[in-house]
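Inside the fold
For reference, the chains in residue letters:
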Number of protein chains: 2
Amino acid sequence: MAAEPQSPGRRPTLALVGATGAVGTVMLSLLDERPDVWGEIRLVASARSAGKTLKVRGEDVVVRALAPEVFDGVDIAMFDVPDEVSAQWAPVAAERGAIAVDNSGAFRMDADVPLVVPEVNADALADRPRGIISNPNCTTLSMIVAVGALHREFGLESLFATSYQAASGAGQAGIDTLYDQLENVGGRRELGQTAGDVRKTIGEDALGPFPAPLALNVVPWAGSLKDGGWSSEELKIRNESRKILGMPALRVSATCVRVPVVTTHAVAVHARFARPVSAKEARAVLTGAPGVAVLDDPANGQFPTPADVVGTDPTWVGRIRQSPDDPHEVALFVCGDNLRKGAALNTLQIAETLVARGLV
Amino acid sequence: MAAEPQSPGRRPTLALVGATGAVGTVMLSLLDERPDVWGEIRLVASARSAGKTLKVRGEDVVVRALAPEVFDGVDIAMFDVPDEVSAQWAPVAAERGAIAVDNSGAFRMDADVPLVVPEVNADALADRPRGIISNPNCTTLSMIVAVGALHREFGLESLFATSYQAASGAGQAGIDTLYDQLENVGGRRELGQTAGDVRKTIGEDALGPFPAPLALNVVPWAGSLKDGGWSSEELKIRNESRKILGMPALRVSATCVRVPVVTTHAVAVHARFARPVSAKEARAVLTGAPGVAVLDDPANGQFPTPADVVGTDPTWVGRIRQSPDDPHEVALFVCGDNLRKGAALNTLQIAETLVARGLV
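The residue count restarts for each chain, going from 1 along the sequence in the order it is written. Chains carry letters from A onward and ligands carry numbers from 1 onward, assigned in written order. The model is predicted, so local features are restricted to residues of pLDDT at least 70 and side-chain atom pairs to those at 80 or more, both for listing and for counting; the totals for chains, interfaces and linings are taken over all residues. To obtain the side-chain values, all non-hydrogen atoms of the structure were used and water was disregarded.

Looking at an unreviewed UniProt entry, chain A carries the name Aspartate-semialdehyde dehydrogenase, with the source organism given as Frankia nepalensis. UniProt positions are given in the numbering used here, feature names are shortened, and annotations may be inferred rather than shown by experiment. UniProt, in its Function (unreviewed entry) section for chain A, records the words "Catalyzes the NADPH-dependent formation of L-aspartate-semialdehyde (L-ASA) by the reductive dephosphorylation of L-aspartyl-4-phosphate." Its UniProt record, at the heading Catalytic activity (unreviewed entry), says of chain A: "L-aspartate 4-semialdehyde + phosphate + NADP(+) = 4-phospho-L-aspartate + NADPH + H(+)".

Written out as structure tokens, the structure is:
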């Protein structure tokens, strides 16, 4: 999704709100790596972080405090901040004339805000009544590029998704908690034999952002409790997939589970399509799909794992199988770096696509 | 499933083949804990382990070497040994007049060998033309008691199962490999940022029985490669569920994934039934089902996790939800100790049920 500027004479101004956070840090390295289509790049953060100096494209840039004036003259403002900060400030950026591209959950289900994955529904960028565009949740993003590619070809009918979500999905606190817990339990070979041993060794005070121990464990919970016992993370996969694919009645059922992995979400996908789909056909479509990398040769131990693909851009797909019971059903194992494609990268791709399509 | 002896005057003789292995060790502690219905308990192992002394019901018992004569006078012989050992020796035990209860994969799909989970299909014990009864695979066993209870009430139509399988499913080598890898990567906070870092730190020589690093990772593979890219473990879930439930055409689709947990397999289940099933109805059925423990109050952080339930007997069920898109579909998160109910416990329950029903 590399983009070329539309008018070389005037490169657009980009603001990065939340420049000092975990996703903001990944964004700065992406801005160094990718084709540079930007004029000024303005860094913005909370008053607490204002005044710091960060390197952007090899040059020192001073971080400015979030205020209405920082959006003056900005073409695109990317927000990597908590929901409540986005809810307050993205409309301010839009009022000042910027297009706000928001990575929080504040606007994703707003009917007047497009929810965009450039490989899947870039056309939705054109219609943005509030001047705001939303970036999907990291778990949705870890699989939707692959699912969208198959949908275009075979017509998606229903989707089962169960996640293997990394600790960094809960931010730096999630990463620190996992490492702290691993230091406690890592060498204790007697653990895992009796109920509660891991919990006692870790201690209830050291659970961090997770509702149960994560080291030597998996935790079937992410987000907050919603109607019917569903977690907010599970409903995000359902509702966001429907919106991105433009299928408001799509059947989606998800179970979200946190696993002791630092970075990269994995998702086991079982999808049913209107047409029969062989594994070979699915593999061919995925191999040709933008943003997808296929790694599917289990005879030689080749399939994506989180630790092997972290730090890379594509949505990795392996374990491509046709159901022996239903020729319309395909199973996949998908991995995507939750801090790159799952957050910073998709946000930047949206911004680049706005430029490439002359929508700025 | 505690059993009372049918004829107090003559208690049956039990042989435990594979007494010195990982599952055999769990079996010995189960024999201490559970109501004692046995006369002589004979311990059998390979010639290498013969002559060792182990405690059974508080008394020293000398391990005998596997030979045809050890089965003379035995009523029930439980086998916790590799497939090829069972394939050779279970028929020998049957010839000598014992009922062989086999925990290997050697006979599970043999039409003349019942595959039994006492809470689900104990009636199948009566018809055993070869004198052999099979114990299901540990992953099937981790979920089938819960699924079977719902099936009896609501009529199962299709099943999606994705696993979070513990390292001990690959035996002691699996446990050792996970701990060794955790010692290498546990404190290295820089890991997880770049593709391949975890693999490089662990080293290709230290993968043990797994095809990729398991520490700080998940591995979407268990077993051997079968037709269509399916793993043997995934097909076992399908084929064994069909046989245990007596539904040869049941639609089952599974993805099996190894996670860095020592013991207890977890399975995310999405099941469709002939009748609509509310979460409340499913919860009521599961709460009353033998061998099932319900732990389902996410508002208070209550759901089963592997580390919290290891070492316990029941199949633990939480996260019980009705699909918002299909009232016939229920989602569950299930945990079962793969060394107890998933192996030793179910084998012993089969033996106890044979006694209780007067089938010995």
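Of the transformation placing chain B onto chain A, the axial shift is 0.0 Å and the rotation is 180°, giving an RMSD of 0.0 Å. Here the copies are linked by what is in effect a two-fold axis. Within chain B, Gly186(B) has its C-alpha nearest the rotation axis, a separation of 3.2 Å. Of the residues that chain B buries at the interface, 100% are likewise interface residues in chain A, meaning the two copies contact each other through the same surface. The least-squares superposition of copies is restricted to C-alpha atoms, and to residues with a pLDDT of at least 70 in both copies. In this analysis, two residues are considered to be in contact whenever any of their non-hydrogen atoms come within 4.5 Å of each other.

The subject of this paragraph is the domain arrangement of chain A. Residue and element names in this part refer to chain A. Segment limits for the domains were obtained from an automatic or database-derived domain assignment. Assigned domains of chain A: these are domain 1 (14-136 + 343-356) and domain 2 (140-170 + 219-338). One C-alpha centre belongs to domain 1, the other to domain 2; they are set 26 Å apart. Take the accessible area each of two parts loses on contact, using a 1.4 Å probe, and add the two losses: that sum is the buried area. Across the domain 1 to domain 2 interface the summed buried area is about 1300 Å²; carbon plus sulfur atoms make up 64%. It is Met109, Glu119 and Val120 that lose the most area in domain 1 upon contact with domain 2, and together they represent 38% of the buried surface on that side. Take a side-chain nitrogen of Lys or Arg and a carboxyl oxygen of Asp or Glu: if they are within 4 Å of each other, that pair is a salt bridge. Note that aspartate 313 is salt-bridged to arginine 34, the shortest N-O span being 3.9 Å. Contacts described as polar in this section are N or O atom pairs within 3.5 Å, which, within protein, must combine one atom able to donate a hydrogen with one able to accept it, while residues neighboring in sequence count only if both atoms come from side chains. Applying the counting criterion to the domain 1 and domain 2 interface returns seven residue pairs in polar contact (both at pLDDT 80 or more).

What follows concerns the packing of helix α4 (residues 138-154) of chain B against helix α8 (residues 279-287) of chain B. All names here are of chain B. Every axis in this analysis is a line fitted to C-alpha atoms, fitted for helices over the stretch in contact. Angles between the N-to-C directions lie between 0 and 180 degrees. Numbering goes from the N terminus for both helices and strands, where a helix is a DSSP run of H or I of at least four residues and a strand is a run of E of at least two. At a minimum axis distance of 9 Å, the contact between α4 and α8 shows a crossing angle of 115°. The handedness of the crossing between α4 and α8 comes out as right-handed. Together, Ala146, Ala149, Leu150, Glu153 and Phe154 of α4 and Glu281, Ala282, Val285 and Leu286 of α8 make up the contact between the two elements. Its residues assigned to classes, the contact of α4 with α8 comprises seven nonpolar, no polar and two charged. Crossing chirality is assigned from the near helix's rotation relative to the far helix, an anticlockwise turn below a right angle marking it left-handed and a clockwise turn marking it right-handed. Under the scheme applied, nonpolar residues are Ala, Val, Leu, Ile, Met, Phe, Trp, Tyr, Cys and Pro; charged residues are Asp, Glu, Lys and Arg; polar residues are all the others, including Gly.

What follows deals with the sheet that holds strand β13 (residues 315-322) of chain A. Residues and elements named next belong to chain A. By this definition, two strands are paired if DSSP reports at least two bridges between them. Read across the sheet, six strands follow the order β10-β9-β11-β14-β13-β12 without closing on themselves; strand pairing throughout is mixed. Each edge of the sheet is formed by a strand with only one pairing partner; in this case those strands are β10 (251-255) and β12 (292-294). The mean inter-strand angle of the sheet, taken between neighbouring strand axes irrespective of direction, is 25°. By the bridge criterion, eight bridges tie strand β11 (residues 265-273) to strand β14 (residues 329-336) in an arrangement that is antiparallel. Residue pairing across strands places valine 269 opposite leucine 332, the latter belonging to β14. On top of the sheet, helix α7 (residues 232-245) reaches β9 (156-164) and β10; it is set at about 145° to β10, its chief contact.

Further remarks concern the pattern of salt bridges. The final tally for this structure, using the stated rule, is 54 salt bridges over all chains. A salt bridge links Arg199(B) to Asp308(A), with the nearest nitrogen and oxygen atoms 2.7 Å apart. In this pair, Arg199(B) is assigned in helix α6 (residues 197-202) and Asp308(A) in helix α9 (residues 306-309), connecting two distinct chains. Here Arg10(B) and Asp75(B) are joined by a salt bridge, their closest N and O atoms 2.7 Å apart. Linking Arg10(B) in the segment before β1 (14-17) with Asp75(B) in the loop between β5 (64-65) and β6 (76-79), this pair joins segments that are 65 residues apart in sequence. The cut-offs for exposure are 20% and 50% of the maximum accessible area for each residue type, with area from a 1.4 Å probe on protein chains only; residues under the lower value are buried, those over the upper are exposed, and the others partly exposed. Accessibility expressed as a relative area gives 45% for Arg10(B), which makes it partly exposed. Here Asp75(B) falls in the buried class, since its relative accessible area comes to 14%. When salt bridges that share partners are traced, they join Glu33(A), Arg34(A), Asp313(A), Arg340(A) and Glu352(A) into one network.

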